[in-house]
Structures are given as C-alpha cells and as structure tokens.
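# Survey of secondary and tertiary structure
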Amino acid sequence: MIKLCTQCLYIGHEESSIYRDSTTDSVLWGTAFFFSVAGAFETFLWFPATIIFFVALLYSIGGYTFKACVCSKCHSGSMIPVQSDKAQQIMNEHGLIPPDYITVKNEQTILGIALRTIFIVLTLILVLYMLFDHFS
Ligand SMILES: [Zn+2]
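For the structure given in this document, a descriptive report is provided here. (Residues numbered from 1 in each chain as written. Predicted model: local features only at pLDDT ≥ 70, side-chain atom pairs only at ≥ 80, totals over all residues. Heavy atoms only, no water.)

### Points about the environment of methionine 1
The criterion, for reference: Helix and strand labels come from DSSP, where a helix needs a run of H or I of at least four residues and a strand needs a run of E of at least two; each type is numbered from the N terminus. The buried label applies to any residue whose accessible area, calculated with a 1.4 Å probe on protein chains only, is under 20% of its type's maximum; exposed applies above 50%, and partly exposed to all values in between.
Topologically, methionine 1 is positioned in the segment before β1 (3-5). Overall, the relative accessible area of 48% leaves methionine 1 in the partly exposed class. It is 8.6 Å that separates the C-alpha atoms of methionine 1 and valine 82, two residues lying 81 residues apart in sequence.

Here is the structure:
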C-alpha cells in the first residue's frame, strides 16, 4: 500500500516492504503446496507437510507484521494510507500530488494478494484434509 509520511511528507512504500523477501515467500508456499498435494496421496508426508505449512504461515505473518512500519526516508513510524482523509488534507495543504503509478500498483497488488490467498487457502484445505485423514 502506498502511504504518506506525516513527518517528512514522503509518498511511497514503507521501508519494511523491502525486507519482505517475496522469493523466499513464494518458494516456501510452493513447497508447502507441493507437500500438501503429495501428502493427500502419501499420508506419511503429513508431518513434513504440516511443518512446512506452518513455517510458510509464520513467515508470511512475520512479513505482514514487519510491513506495518516505518518510512523509507526518515525511518519514523508515522506513515498513513494516502487514501485516508488525513493524508488527503496534508497533501492539499502542502500541494502534494501522489504519483500516477499509485493506482496501477494498487491493482497489481490486489491481484497478487487475491492469487496468493487462493493459493494459501488451497494449501490450508489440503493440510487440514491430510491431518483429518491421518488422525481419524
Ligand atoms: Zn518520513
């Protein structure tokens, strides 16, 4: 999400989004998905599949928590969404115009999140099915 820093008036992504390694994230979820699919057929894989699923889940949660923070210019934790009323007001006061790429970027992010969510939900269903199958 594009945000406005109320300290230095920087408009852009938060610093912490850089720390979030999307490749590691994709690899982890890919592995988790692979194991959960394999685990649906080979029930002895339920344990590694569950472990990898939780590692991927924790990594994602960690990433999101981390993402909620600082400005990449002044490192203060005072960034607010550009769509918010307060941000609009500040931008008007200082004659700031958010760059055009914001809307495009947001759409891409929404699509990315939607695909990711479907992928995570699929993995979750498979893991739950596997656990149910193993313990019932
Ligand atoms: Zn700042």
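### Comments concerning the packing of aromatic side chains
Selection rule: Ring geometry is summarised as follows: Phe, Tyr and Trp rings, the Trp one being its six-membered ring, pair when their centres sit within 6.5 Å, and such pairs are stacked at plane angles under 30 degrees, edge-to-face over 60 and tilted between the two.
Tallying each qualifying case throughout the model produces six aromatic pairs. Their ring planes at 80 degrees and their centres at 5.7 Å tell us that tryptophan 29 and phenylalanine 53 sit as a pair that is edge-to-face. Remark: phenylalanine 53 occurs in helix α3 (residues 46-67) and tryptophan 29 occurs in helix α2 (residues 22-41); sequence separation between them is 24 residues. For the pair tryptophan 29 and phenylalanine 53, a shared accessibility class is recorded, and that class is buried. Between phenylalanine 34 and phenylalanine 35, the aromatic rings sit 5.9 Å apart at their centres with planes inclined by 90 degrees, giving edge-to-face as the arrangement. Classification of phenylalanine 34 by relative accessible area gives exposed; the value is 56%.

### Details of the coordination of the zinc ion
The cut-off we apply is this: The rule for donors is simple: an N, O or S atom within 2.8 Å of the metal counts, and for Na, K and Ca the reach is 3.2 Å. Water is not among the atoms, so a site may look short of donors. For a four-donor site, all angles between 85 and 135 degrees give tetrahedral; for four or six donors, opposite pairs above 155 degrees with the remaining angles between 65 and 115 give square planar or octahedral; all remaining cases count as irregular.
Within the protein, the zinc ion binds to Cys5 (SG), Cys8 (SG), Cys71 (SG) and Cys74 (SG); these donor distances fall in the range 2.2 to 2.3 Å. Taken together, the four donor atoms coordinating the zinc ion and their angles of 107 to 112 degrees define a geometry best described as tetrahedral. Counting the intervening residues between successive donors of the zinc ion yields the motif C-x2-C-x62-C-x2-C.

Keep in mind that these numbers describe shape and distance, not what the molecule does.
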